[in-house]
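One-letter residues, chain by chain:
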Amino acid sequence: MSISAPRGLASSGQKPITEILHPLSAAEEPLSPGPDVTVSGGRDKEVGLTNGTPVETPSPASASVLFNRLQLDDDLDSDGRDPYADTETHDLFVTVDDPKKHVSTMETYITYRVSTKTTRIEFDLPEYSVRRRYQDFDWLRTKLEDSQPTHLIPPLPEKFVMKGVVDRFSEEFVETRMKALDKFLKRVADHPVLSFNPHLNAFLSAKDLNKRQGLALLSKVGESVKNVAGGYKLRVRPPEFCAMGEYLDTFNQKLGTIDRIAQRILKEQSEYLTELREYGTVYASWAGSEEELQRPLEGVAGCVTTCCGALEDMSENMGQDFLPVLREYILYIESMKNVLRKRDQSQAEYEGRLEAAVLRKQEDRTPIPAEVEKCQDKMECFNADLKADWERWQSNKRQDFKQLLTGMADKNVTHYEKCQAAWESLITLLQDKQTEDKTIFHKSLHEVFGS
Amino acid sequence: MADDGREESLGTDDDSDQTGADGSLNNTMVEEGSTLMRRMEICVAEAEKRSGKNAVSMQETFTVYLIETRPMDAVAEGHNPAPDCLWRRYSEFELLRNYLIVTYPYIVVPPLPEKRAEFVWHKLSADNMDPDFVERRRVGLENFLLRVASHPVLCNDKILCYFLTEEHGWKEAVYETGFQAKADSRLRALSATFRVRNPDKCFMEMKHYSDELQSHTSQLLRARARVADRLYGVFKVHGNYGRVFSEWSAIEKEMGDGLQSAGHHMDAYAASIDDILEEEEHYADQLKEYLFYAEALRAVCRKHELTQFELEMASQDLISKKQQREELATGIVRTFSFKGMTNKLFGQEAPEQREARLKLLEDLIAEGEETVKEKTIERAEHVEKAWVDIQRFKEQKDKDLREALINYAVMQISMCKKGIQVWSNAKECFLKM
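The structure displayed is predicted, hence computed values, not measured ones.

**Topic: the overall build of chain A**
When helices and strands are tallied, chain A shows eight helices and three strands. Walking chain A from its N terminus toward its C terminus, one meets helices and strands in the order α-β-β-β-α-α-α-α-α-α-α. Taken across its 451 residues, chain A has 45% of its residues classed as buried. In chain A, of all internal contacts separated by at least 6 residues, the share reaching a separation of at least 24 is 75%.

**Brief notes about the nonpolar core**
Here is a general trend for soluble globular proteins: nonpolar side chains tend to be buried in one another's company. Grouped together as the largest cluster of nonpolar side chains are 153 residues, with contacts concentrated most on A:Phe322, A:Trp393, B:Tyr241 and B:Phe245. Considering every element that reaches this core, the biggest residue donor is helix H7 (residues 294–364) of chain A, with 21 residues. A:Phe322 has contacts with A:Ile258, A:Ala262, A:Asn317, A:Leu404, A:Leu405, A:Met408 and B:Tyr241, leaving out every residue within four places of it along the chain.

**Looking at the layout of surface pockets**
Residues and elements named next belong to chain B. By volume, the largest pocket is sized at about 1300 Å³. Every residue lining the largest pocket is counted, 39 residues in all, and those nearest its centre are Ile101, Val102, Glu295, Ala299 and Val300. Of all the secondary-structure elements, those providing two or more residues to the lining of the largest pocket are helix H2 (90–103), helix H7 (186–195), helix H9 (256–330) and helix H11 (351–431). Residue contributions to the lining of the largest pocket peak at ten residues, all from H9. Residue composition of the lining of the largest pocket, by class: 20 nonpolar, six polar and 13 charged.

**Description of the sheet that holds strand E2 (residues 108–118) of chain A**
Residues and elements named next belong to chain A. Strand order in the open sheet made by the three strands is E1-E2-E3, with antiparallel pairing throughout. A single partner strand is all that each edge strand has here, and the edge strands are strand E1 (92–103) and strand E3 (127–133). The average undirected angle you get between the axes of adjacent strands in this sheet is 20°. With seven bridges joining them, E2 and E3 adopt antiparallel strand pairing. Residue pairing across strands places Thr116 opposite Tyr128, the latter belonging to E3. Contacting E1 and E2, helix H3 (residues 171–190) runs over the sheet at an angle of about 150° to E1. Across the sheet, helix H4 (residues 198–205) is in contact with E1, E2 and E3; its angle to E3 comes to roughly 90°.

**Some points on the domain arrangement of chain A**
Residues and elements named next belong to chain A. By domain assignment, chain A separates into domain 1 (90–208) and domain 2 (234–450). For domain 1 and domain 2, the distance between their C-alpha centres works out to 24 Å. Tallying the contact residues gives 19 residues for domain 1 and 21 residues for domain 2. Surface buried jointly by domain 1 and domain 2 totals about 1900 Å² across both partners, of which 53% is contributed by carbon and sulfur atoms. The largest contributions to the domain 1 side of the interface with domain 2 come from Thr150, Leu152 and Arg187, which together make up 35% of the buried area. For the pair domain 1 and domain 2, the interface holds three salt bridges. With its nearest N and O atoms 2.8 Å apart, the salt bridge here joins Glu328 to Arg187.

**Quick look at the packing of aromatic side chains**
By the definition in use, this model includes 33 aromatic pairs over all chains. On the basis of an interplanar angle of 80° and a centroid distance of 5.3 Å, the ring pair of A:Phe401 and B:Trp248 is categorised as edge-to-face. With A:Phe401 in helix H8 (residues 370–449) and B:Trp248 in helix H8 (residues 201–249), this pair bridges two chains. Its relative accessible area of 0% is what places B:Trp248 among the buried residues. Each ring, one from B:Tyr241 and one from B:Phe245, has its centre 5.5 Å from the other, and the planes form 10°; the classification is stacked. Highlighted residues: B:Tyr241 and B:Phe245, both in helix H8, separated by four residues, approximately one helical turn. Ring-pair connections join several aromatic residues into one group, and the members of that group are A:Tyr247, A:Phe251, A:Tyr329, A:Tyr332, A:Trp390, A:Trp393, A:Phe401, B:Tyr241, B:Phe245, B:Trp248 and B:Phe430.

**What about the interface of chain B and chain A?**
Taken together, the contact pairs 59 residues of chain B with 60 residues of chain A. Approximately 5700 Å² of surface area, both sides summed, lies buried where chain B meets chain A, with 73% of it carried by carbon and sulfur atoms. Per-residue buried area on chain B facing chain A is highest for B:Arg230, B:Tyr241 and B:Arg402; these three make up 13% of the total on that side. Here chain B is connected to chain A by eight salt bridges.

**So, empty space enclosed by the protein**
Overall, the coordinates contain ten cavities of 30 Å³ or more when judged by the stated rule. Taken as a whole, the largest cavity spans an internal volume of roughly 320 Å³. A:Tyr272, A:Leu276, B:Leu231, B:Gln412 and B:Met415 are the residues nearest the centre of the largest cavity, which is lined by 26 residues in total. Per-element accounting of the lining of the largest cavity gives the leading share, six residues, to H8(B). Taken together, the residues that form the lining of the largest cavity break down as 20 nonpolar, four polar and two charged.

**Let's talk about the pairing of E2(A)**
All names here are of chain A. Bridge count between E1 and E2: ten bridges; the pairing is antiparallel. Among the inter-strand pairings, His102 is bridged to a residue of E2, identified as Tyr109. Counted between consecutive antiparallel strands, the loop separating E1 from E2 contains four residues.

**Topic: helix H3 (residues 131–149) of chain B**
Here H3(B) spans 27 Å end to end across 19 residues, near enough to the 27 Å set by a 1.5 Å rise per residue. Within H3(B), 15 of the 19 residues are buried, which leaves the element mostly enclosed by the surrounding structure.

Definitions and cut-offs
Residues numbered from 1 in each chain as written. Chains lettered and ligands numbered in written order. Predicted model: local features only at pLDDT ≥ 70, side-chain atom pairs only at ≥ 80, totals over all residues. Heavy atoms only, no water. Helix = DSSP H or I, 4+ residues; strand = E, 2+ residues; numbered from the N terminus. Buried < 20%, exposed > 50% of the residue type's maximum accessible area, 1.4 Å probe, protein only. Contact = heavy atoms within 4.5 Å. Core = buried A, V, L, I, M, F, W, Y, C linked by side-chain atoms within 4.5 Å. 1 Å grid on protein atoms, 1.4 Å probe; cavity = no way out; pocket = protein on both sides within 12 Å on 5 of 7 lines; lining within 4 Å. Points joined across faces, edges and corners; volume = space filled by probe spheres on them. Nonpolar A, V, L, I, M, F, W, Y, C, P; charged D, E, K, R; others polar. Pairing = 2+ DSSP bridges. Axes fitted to C-alpha atoms, helices over the stretch in contact; angles between N-to-C directions. Domains from an automatic or database assignment. Buried area = accessible area lost by both parts, 1.4 Å probe. Salt bridge = Lys/Arg side-chain N within 4 Å of Asp/Glu carboxyl O. Phe/Tyr/Trp six-rings, centres within 6.5 Å; stacked < 30°, edge-to-face > 60°. Expected span 1.5 Å × (residues − 1).

Structure representation (structure tokens):
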């Protein structure tokens, strides 16, 4: 099946998809589908180019074009697989690990090792290993936002931490932050458009990030979209974007609630733990004044202590794995809403300019300026990018939450399993003693009264 | 607990290899040659609210409990005769127990369930009219009767028998025993504790142990109540997940079903704590029984102090009287006495007066010697019988508490299994998201 709905293709020339050259590839290269994609029959097999002129598209590597290149079959998701799994190119792997503390006269900070493995030609070497600090990640994100404003940029973990309240150098904090940075980088590297961003390239490969040197290549383009004049008001937002906005608002609310519930549970568990510990010590001290009951009572005290340990482990896990992911999604939602707002502005600008141009045309026959068409292109690209990214995001979100919640369930199951094992071994101990006692008793009876 | 079941034999005719009420071997516990109560099945079947006028003619509401009894052999033979039954209220149980304590001061008398709900955690009502409390009290009263009826000494008591069989006229019978007059005054008991010189070492150790038992069980009960309170909070908060998952599922497409079902499991999880904690109350009741048993044990030890003290007093009195006689006979004053003083001041008395006083003293000394004999016997009997019962109590306590701990562990395991099930179910739902 050929592409039915236009995915925001450049309006200059309604060329069929097959004839539009990928902006980053050489002019003579024939357009061919990617290796993972099934091409259904009945499609136009004309893959040659009619002319060698690259199509002028506002963003050099827009998602729409890339997706069209790789996913030519609309029915790909009908067999139930995640439709976007195959669009990942899987030729860029990044990892964040190995935190180290650096102490200098001016400041103390943590750096992380960022390792890259890739087969992409955009990179000079197949492997890189550099050290980066949080500031560098922040820089990267800002640059991505600036240069790819039509895309959803994954969030970073929170920048500021209250000095007195959180220990920035504690193992837990560093561990949590590192995991979040790793996730951020992986999401960027997995993104079909963002992963080709030259800033990412620099981040992954440069020995020293000279952050002041902006890469001039893309800034111009980015700015043209960013500098949307403020005065335009949006008339009617397309329903799909309304739905997105509503979804995000509700989802944000629910996540906030879940965060509060999780925190409350942690608090209640902590108080329960305090009482449970005390409870265990009472058994132990009672054991001190008993003879026959000493071992059973000590056994119970031991079980209670084991349960305390199991509970502690689970609470720690929740704090480190569960809550940060929730918070991250809340940040993600914020940045997505921003992108939606920008899209709205881009639409507003286009409509405003169009209206003005139409009026002038009616007055004095001035033709509609090319600028207006450019705005339309921008808007349509924006819409396409956003829709594509939205679907990606939904799919990722589903996976992430599936993992998060099953993780939570697993931790609870493990906790109960540990407790159950402890109590079961106690019963064995106590019941053995009972049969032991009975055996001794019977034995002594036989001795006294004879068999 | 003595026995959960209703099958209860009150005593046995045989000796050694007899299985007692709780299934353990009972050979040391049966008194020889005692008249045993007929075999009887006892239970406290129901509780009902009544209204009536109390002693000061004010309207009050109280609960009565139905005691049913049935001869054991009839049941064993397969007949099913209707049980005899009568109603008793808590205060009558108290009266019975007070009677037993006074009449058998060498027995660790089984305790009654608590008069008012103590060691409550927030959800439990502290109201005596609360149906859960009444139900647990019913069980406690039955347990009391079963323990008393299976005690080798107490089971033979006539008043106990009337309590179980004579609805009216029982109270008169109790009062007629005059037990109230025999009760030791608290003041006497207290002064004995402070002034006794040579109490038996074993009894003193036992008294110390009873203090420890009391302190530990009450600490444990308090700690358990706090733990229950907190655990309740943890479970109930999870119920909020149920609600939010349900709301969230409304805006999702593929994830919706999985979330919704998982939410139901969270609701079930939150609700499960009520039954769990209700069951744990039985464990708390078992602990409470021994908390109160500690007091009964202590009472026996203090009775020993009293008998010892009285013996010491009587001996001391006899000695001083003998000394007085000696002084009177020999005229030598060895110890200070008022008579000695007045003699010195006002001169010695006439020989007839002396004779009279000497005769009086001889009588008093004879009496005193009788008293010392009595007190010695009293003390020795108490020591002997009490020690036997204390040993019996000790074994019973070790066995009961060990079983209670095992049951507690079983309860914990059951709770863990439920938890594993709920979270596994939730996990299944999450996987379907």
